[in-house]
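Report on the structure
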Amino acid sequence: MRFVYPKGLRKALTFSYDDGEIFDRKLAKLLRDYGMRGTFHLNSGSLEPVEKGSYHVGTGELKEVYAGHEIACHGVEHRNPTLITRQQLVLEIQEDRKALEKLTGGMVQGMSYAFGNYDDSVIRVAKELGIKYSRTVNSTRGFFPPADFMQWHPTCHHSDRLLELGDRFLKVEDFYELPLMYVWGHSFEFGRSGDWSEIEAFAEKMAGKDDIWYATNMEICTYISAQRQQEFSADGHTMYNPTAISVWVSIREGCLEVKPGECARII
């Protein structure tokens, strides 16, 4: 038995983009057009109504721009988490959550660390405030899911061997269980130069694969967290799912969905 992603898919691909600048409009649409999904980490203190001509996506267009994607925290004012007091850090995270939840009407429980800076105390505060995961800027160039979702290291920045790593991911080795490719960056890195060719080539290369789950950061965090809570009989042949979502496994007969609260034989 091996764990697989929903519907029996073997691999997952996700994206993570910070700061909410106006170039997110094009990037979010590009990913959507190729059937891909990602997470956009916003600084709510930078958001203004569209009519003010802000350099950031407008408050009134968030739902439209990010349709199909996840909106997550990046700090109200994008302050360095390790250089401010605990009280200021609480405000950075909590007020960002509150503002974004009010604008979107949904739960906001994901984050990326501003400037990529964090330490154990930052992690503790974020968890206490309801954050379920937070992305770093430390690329692994590998495809293992994170050991700790509060220190979620991405596969690569989009400027770092993206197409080469994409080719590797498409033929990822069998020893990877739940292989995951996680790409991060900032949309202004395309927008200010006007060169979108590499991300477009990557999206075209990776699109439409029947073994890839195209998911948001939170969807992957939720699924793998549920997978890690599965319980087994002493002989390992029965699995009990104590979580609120289905978990899929690959067995000799094919793929099996173990629904919430269900016991299943997995030999």
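Residues numbered from 1 in each chain as written. Predicted model: local features only at pLDDT ≥ 70, side-chain atom pairs only at ≥ 80, totals over all residues. Heavy atoms only, no water.

The final tally for this structure, using the stated rule, is 13 salt bridges. The salt bridge partner of Arg37 is Glu219, with a shortest N-O separation of 2.5 Å. You can see Arg37 sitting in the loop between α1 (24-33) and β3 (38-42) and its partner Glu219 sitting in helix α8 (residues 217-227), a full 182 residues away along the chain. Judged by relative accessible area, Arg37 falls into the partly exposed class, the value being 27%. The partner of Glu164 in a salt bridge is Arg161, with the nearest N and O atoms 3.2 Å apart. Here Glu164 falls in the partly exposed class, since its relative accessible area comes to 42%. (Salt bridge = Lys/Arg side-chain N within 4 Å of Asp/Glu carboxyl O. Helix = DSSP H or I, 4+ residues; strand = E, 2+ residues; numbered from the N terminus. Buried < 20%, exposed > 50% of the residue type's maximum accessible area, 1.4 Å probe, protein only.)

Over the atoms a probe the size of a water molecule is rolled, and this reveals where empty space is left. Taken as a whole, this structure holds one cavity of 30 Å³ or more when the rule is applied. Considering the residues around the largest cavity, the lining is formed by His74, Gly75, Arg79, Pro81, Leu89, Glu92, Ile93, Met111, Ser112, Tyr113, Ala114 and Val122. Mapped by element, the contributors of at least two residues to the lining of the largest cavity are α3 (86-104) and β5 (110-112). Counting residues per element, the lining of the largest cavity draws most heavily on α3, which supplies three residues. Residues that form the lining of the largest cavity fall into these classes: seven nonpolar, three polar and two charged. (1 Å grid on protein atoms, 1.4 Å probe; cavity = no way out; pocket = protein on both sides within 12 Å on 5 of 7 lines; lining within 4 Å. Points joined across faces, edges and corners; volume = space filled by probe spheres on them. Nonpolar A, V, L, I, M, F, W, Y, C, P; charged D, E, K, R; others polar.)

Attention now moves to the nonpolar core. Membership of the largest hydrophobic core comes to 50 residues, with the highest contact counts inside it found for Leu13, Phe15, Tyr66, Met181, Ile199 and Phe202. Once residues lying within four places of it in the same chain are set aside, the contact partners of Phe202 are Leu13, Phe15, Leu162, Leu163, Gly166, Met181 and Val183. (Core = buried A, V, L, I, M, F, W, Y, C linked by side-chain atoms within 4.5 Å. Contact = heavy atoms within 4.5 Å.)

Taken together, the buried positions of helix α7 (residues 197-206) are occupied by Ile199, Phe202, Ala203 and Met206. Buried residues of α7 fall within an arc of 95° about the axis and therefore sit on the same side. Residues of α7 that are buried in the fold lie against β2 (11-18), α1, α5 (162-170), β8 (180-185), α6 (188-191) and β9 (212-214). Of the residues flanking the end of α7, it is Gly208, one or two places downstream, whose phi is positive at about 70°. (Arc of directions from axis to C-beta.)

Summed over all chains, the structure comprises 19 aromatic pairs. Ring centres of Tyr5 and Tyr223 lie 6.0 Å apart, and the angle between their planes is 40°; this geometry places the pair in the tilted category. With Tyr5 in the loop between β1 (2-4) and β2 and Tyr223 in helix α8, this residue pair connects regions lying 218 residues apart in the sequence. The same class applies to Tyr5 and to Tyr223, which are both buried. (Phe/Tyr/Trp six-rings, centres within 6.5 Å; stacked < 30°, edge-to-face > 60°.)

Moving on, we come to the sheet that holds strand β10 (residues 231-232). On the basis of which strands lie adjacent, the open sheet formed by three strands has the order β10-β11-β14 and antiparallel pairing. If you trace the sheet from one side to the other, it starts and ends with β10 and β14 (263-265), each paired once. Inspection of the sheet shows β10 paired to strand β11 (residues 238-240) by two bridges, in the antiparallel sense. Bridged to Glu231 within β11 is Tyr240. (Pairing = 2+ DSSP bridges.)

Our focus in this paragraph is the packing of α5 against α7. Remark: α5 packs on α7, axes separated minimally by 10 Å, with the N-to-C direction vectors making an angle of 10°. One finds that α5 runs roughly parallel with respect to α7. Across from Leu162, Leu163, Gly166, Asp167, Phe169 and Leu170 in α5, the residues of α7 making contact are Glu198, Ile199, Ala201, Phe202, Lys205 and Met206. (Axes fitted to C-alpha atoms, helices over the stretch in contact; angles between N-to-C directions. Parallel < 35°, antiparallel > 145°, perpendicular 65-115°, else oblique.)

Once that is clear, we can look at the sheet that holds strand β12 (residues 247-251). Taken together, the three strands give an open sheet; going across it, the order is β1-β12-β13, and neighbouring strands pair in antiparallel fashion. Each edge of the sheet is formed by a strand with only one pairing partner; in this case those strands are β1 and β13 (254-258). Shown here is a sheet whose adjacent strand axes are inclined to one another by a mean of 40°, direction ignored. Pairing analysis gives three bridges linking β1 to β12, with the strands arranged antiparallel. Across the sheet, the residue bridging to Arg2 is Ser250, located in β12. With respect to the sheet, α8 is in contact with β1 and β12, its orientation differing from that of β12 by roughly 60°.

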